[in-house]
Amino acid sequence: MKILNQLYEGKAKQVFATEDPAIVMVHYKDDATAGDGAKKGTIRDKGVVNNRLSNALMQKLEKAGIPTHYVQELNDRDTLVKRVEIVPLEVIIRNVAAGSFSKRFGVAEGTALAIPTIEFSYKNDDLHDPMINRYHALALNLATAQELDQITDMAFRINDILRQILLAANIRLIDFKLEFGRLPDGTIILADEISPDTCRFWDATTGAHLDKDLFRRDLGGEADAYQEVMRRLVTE
Ligand code: UDP
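Source: prediction; values computed, not measured. (Residues numbered from 1 in each chain as written. Predicted model: local features only at pLDDT ≥ 70, side-chain atom pairs only at ≥ 80, totals over all residues. Heavy atoms only, no water.)

1. Section: the pairing of strand β2 (residues 13–18)
Among the 6 residues in β2, 6 count as buried, and that is most of the element. Sheet topology note: the strand β1 (residues 3–9)/β2 ladder contains 4 bridges and is antiparallel. Considered in β2, the bridge of Q6 is made with F16. What sits between the antiparallel neighbours β1 and β2 is a turn of 3 residues. Of the pairings in the sheet, the one linking β2 to strand β3 (residues 23–28) comprises 5 bridges and is antiparallel in character. The residue of β3 that forms the bridge with Q14 is H27. (Buried < 20%, exposed > 50% of the residue type's maximum accessible area, 1.4 Å probe, protein only. Helix = DSSP H or I, 4+ residues; strand = E, 2+ residues; numbered from the N terminus. Pairing = 2+ DSSP bridges.)

2. A few points about the site of the ligand
Taken together, 14 residues lie near the ligand, and R94, S100, D175, R200 and R216 sit nearest. At a separation of 3.4 Å, an oxygen atom of the ligand approaches a polar side-chain atom of E90. One of the side-chain N or O atoms of R200 is found 2.9 Å from an oxygen atom in the ligand. Elements with a minimum of two residues in the shell around the ligand: β9 (89–96), α2 (99–105), β12 (171–182) and β14 (199–203). Its residues assigned to classes, the shell around the ligand shows 4 nonpolar, 3 polar and 7 charged. (Near = heavy atom within 4 Å. Polar contact = N/O pair within 3.5 Å; in protein donor to acceptor, adjacent residues only side chain to side chain. Nonpolar A, V, L, I, M, F, W, Y, C, P; charged D, E, K, R; others polar.)

3. Some details on the packing of aromatic side chains
The full count for this structure, using the stated rule, is 1 aromatic pair. Taking 4.8 Å as the distance between ring centres and 65 degrees as the angle between the ring planes, the aromatic pair formed by F101 and F105 counts as edge-to-face. Here F101 pairs with F105, and both are found in helix α2, just 4 residues apart, close to one helical turn. Classification of F101 by relative accessible area gives buried; the value is 13%. (Phe/Tyr/Trp six-rings, centres within 6.5 Å; stacked < 30°, edge-to-face > 60°.)

4. Digging into the sheet that holds β3
Either a parallel or an antiparallel arrangement is found when strands of a sheet pair, and the pairing is made through backbone hydrogen bonds. Across the sheet, 5 strands lie side by side as β1-β2-β3-β7-β6; this open sheet has antiparallel pairing. Each edge of the open sheet carries a strand with a single partner, namely β1 and β6 (70–73). Strand-to-strand, the axes of this sheet are offset by a mean angle of 30 degrees, without reference to chain direction. Each of β3, β6 and β7 (78–82) touches helix α1 (residues 46–63); the most contacted strand, β6, lies at about 130 degrees to it. (Axes fitted to C-alpha atoms, helices over the stretch in contact; angles between N-to-C directions. Contact = heavy atoms within 4.5 Å.)

So far we have only geometry, and geometry alone does not tell us how the molecule works.
Take a look at the structure:
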């Protein structure tokens, strides 16, 4: 597949056109940001871990019946994915209180939630991705009611599948962020990435952070933690 011009550059990834208009190539960088861009840095080989781990998890989700954008891993940092129109929502699922949930609702980090919960943020950098509800999303024409139903149903199914996969690797899935896209025929599929940048992973025995919170909170050891997650979850 011939790789053509760059279409987009984000904080952690670049996207390139290919000779097939239905396929784009994602390139994963080591660049990391936190606190709405206030903190910038790099995490050694983060791009390799996120690329390989996200691809491995998406392939497992596909096998479990979740449609994803994954097409083909080209090398350690580059992957072909289906071209979609991204639904401008960050879909967050939480099993355990942490981060903004703990702050907003005054619940200690690590408190198990009575049931898994979902929230949406409006993907808009100028507005700093404000939290919105289903009715806001409908009022702003961000998605249809049917799409929001599908996204919600898929997100909770993804949670069930990922929790099992992670627990088998002795990792607790605290919370995570998903993004969905529309294919030209309107089908909703899972897009973006599933990685230690977008999930909170805690060691199930020690409770140690194995995710981007090490970088966000200046705790250190993030590069090694990313490698550890890949070692536990990516076989072959
Ligand atoms: N998250 C993300 N991108 C964002 C915001 C959050 O991937 O722009 C992920 C984050 O890694 C965590 C979950 O979504 O797994 C919930 O994050 P939270 O709302 O607690 O925000 P934070 O405390 O990270 O600001």
